[in-house]
Amino acid sequence: DPHYPTELLQLADPPLLLYATGQTERTLGNAIAVVGSRNPTPQGAQTAEQFGEALGAAGLCVVSGLALGVDGGAHTGAVRAAKQQPNHPHWHTVAVVGTGLDRVYPSKHKTLAHQIALHGLLLSEYPLGTPPLAHNFPKRNRLIAALGLGTLVVEAALKSGSLITAKMALELNREVLAIPGSIHATQSHGCHALIRQGAKLVENAHDVLEELQ
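Quick caveat, the model's predicted, so the values are computed rather than measured.

A. Inspection of the sheet that holds strand S1 (residues 19–22) at higher detail. An order of S1-S5-S4-S3-S2-S6-S7-S8 is seen for the eight strands of this open sheet, with the pairing classed as mixed. Here the strands that pair on one side only, and so sit at the sheet edges, are S1 and strand S8 (200–201). Bridge count between strand S7 (residues 175–178) and S8: two bridges; the pairing is parallel. In the sheet register, Ala-178 faces S8, and the bridge partner there is Leu-201. Helix-sheet contacts for helix H3 (residues 110–119) involve S1, strand S4 (93–96) and strand S5 (121–124), and the interaxial angle to S5 is about 105°.

This is how it looks when you write it as structure tokens:
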């Protein structure tokens, strides 16, 4: 189908079928995956929102998972940027969810999901009616990693789904970028580990754009 994102065909197991709601007539364009902790520090939550807005304003589509914390902040910032660019031909933000599209999880993101549908796309490989099953969320991370030219990790503990997404991005020959944080915050330790392993250290949106060329 011409609307199927070709980026997903690089996966070993691309979804046979995708459900989408939102601005389906638009396309992906250049995208960056933004992931991180569900329980970020206040600074991490603010950083996610600021980067979502700055990257969106620079013309990148912000791809994330609609989870609490960093995901929600990144989507919120991208939506804010979208309101300044109403005639943009590409999605400003894509939320890849782990439920059927007739459900919003977490429920407190219902308003945000509606805003994403107005300016971007909600995407799922799960049929309508699928509840929030724990094993579906790590599986959908491969779609988030595949859609972006790179994956930016805002905050992540050493054992977190965000590091799994970063590993998937590397396997797909995508860039991995990480924002450093306080040595006293466990939410920064995963980012520091990625930087030690060669991830691009990011301090501002320009660093991301420079790395993605």
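B. The arrangement of H3 in detail. Turning to H3, its buried residues are Leu-112, Ala-113, Gln-115, Ile-116, Ala-117 and His-119. Contacts from the buried residues of H3 go to S1, helix H2 (70–82), S4 and S5.

C. Quick peek at the packing of aromatic side chains. Under the defined criterion, the tally for this structure stands at one aromatic pair. Arranged with centres 5.6 Å apart and planes meeting at 50°, the rings of Tyr-105 and Phe-137 form a pair that is tilted. Within this pair, whereas Tyr-105 is found in the loop between S4 and H3, its partner Phe-137 is found in helix H4 (residues 136–147), the two being separated by 32 residues in sequence. With a relative accessible area of 45%, Tyr-105 lands in the partly exposed category.

D. Structural context of unusual backbone geometry. The linkage connecting Tyr-105 with the following residue, Pro-106, adopts the cis geometry, with an omega of 0°. Assignment of secondary structure puts Pro-106 in the loop between S4 and H3. Even without being glycine, Asn-173 reaches a positive phi, approximately 60°. Its location among the elements puts Asn-173 in the loop between helix H5 (161–171) and S7. Positioned with a positive phi, Gln-213 is a non-glycine residue whose angle comes to about 55°. Counting through the fold element by element, Gln-213 comes out in the segment after helix H7 (205–212). The class of Gln-213 is exposed, set by a relative accessible area of 83%.

So, how was this worked out
- Residue numbers here run from 1 along each chain, matching the order of that chain's written sequence.
- At least 70 in pLDDT is required for a residue's local features to be given in this predicted model, at least 80 for side-chain atom pairs to be given and counted, and no such filter applies to totals for whole chains, interfaces and linings, which use all residues.
- Based on all heavy atoms of the structure, the side-chain values leave hydrogens and waters out of the count.
- A pair of strands is treated as paired once DSSP finds two or more bridges between them.
- Numbering of helices and strands starts at the N terminus; helices are DSSP runs of H or I of at least 4 residues and strands are runs of E of at least 2.
- Any pair of residues with heavy atoms lying within 4.5 Å of one another is described as a contacting pair.
- Note on geometry: axes are C-alpha line fits, over the in-contact stretch for helices, and angles between N-to-C directions span 0 to 180 degrees.
- Remark: exposure states derive from per-residue accessible area (1.4 Å probe, protein chains only) relative to the maximum for the residue type, with buried under 20%, exposed over 50%, and partly exposed in between.
- To pair, rings of Phe, Tyr and Trp, with the six-membered ring standing in for Trp, must have centres within 6.5 Å; the planes then decide the type, stacked if under 30 degrees apart, edge-to-face if over 60, and tilted in the middle.

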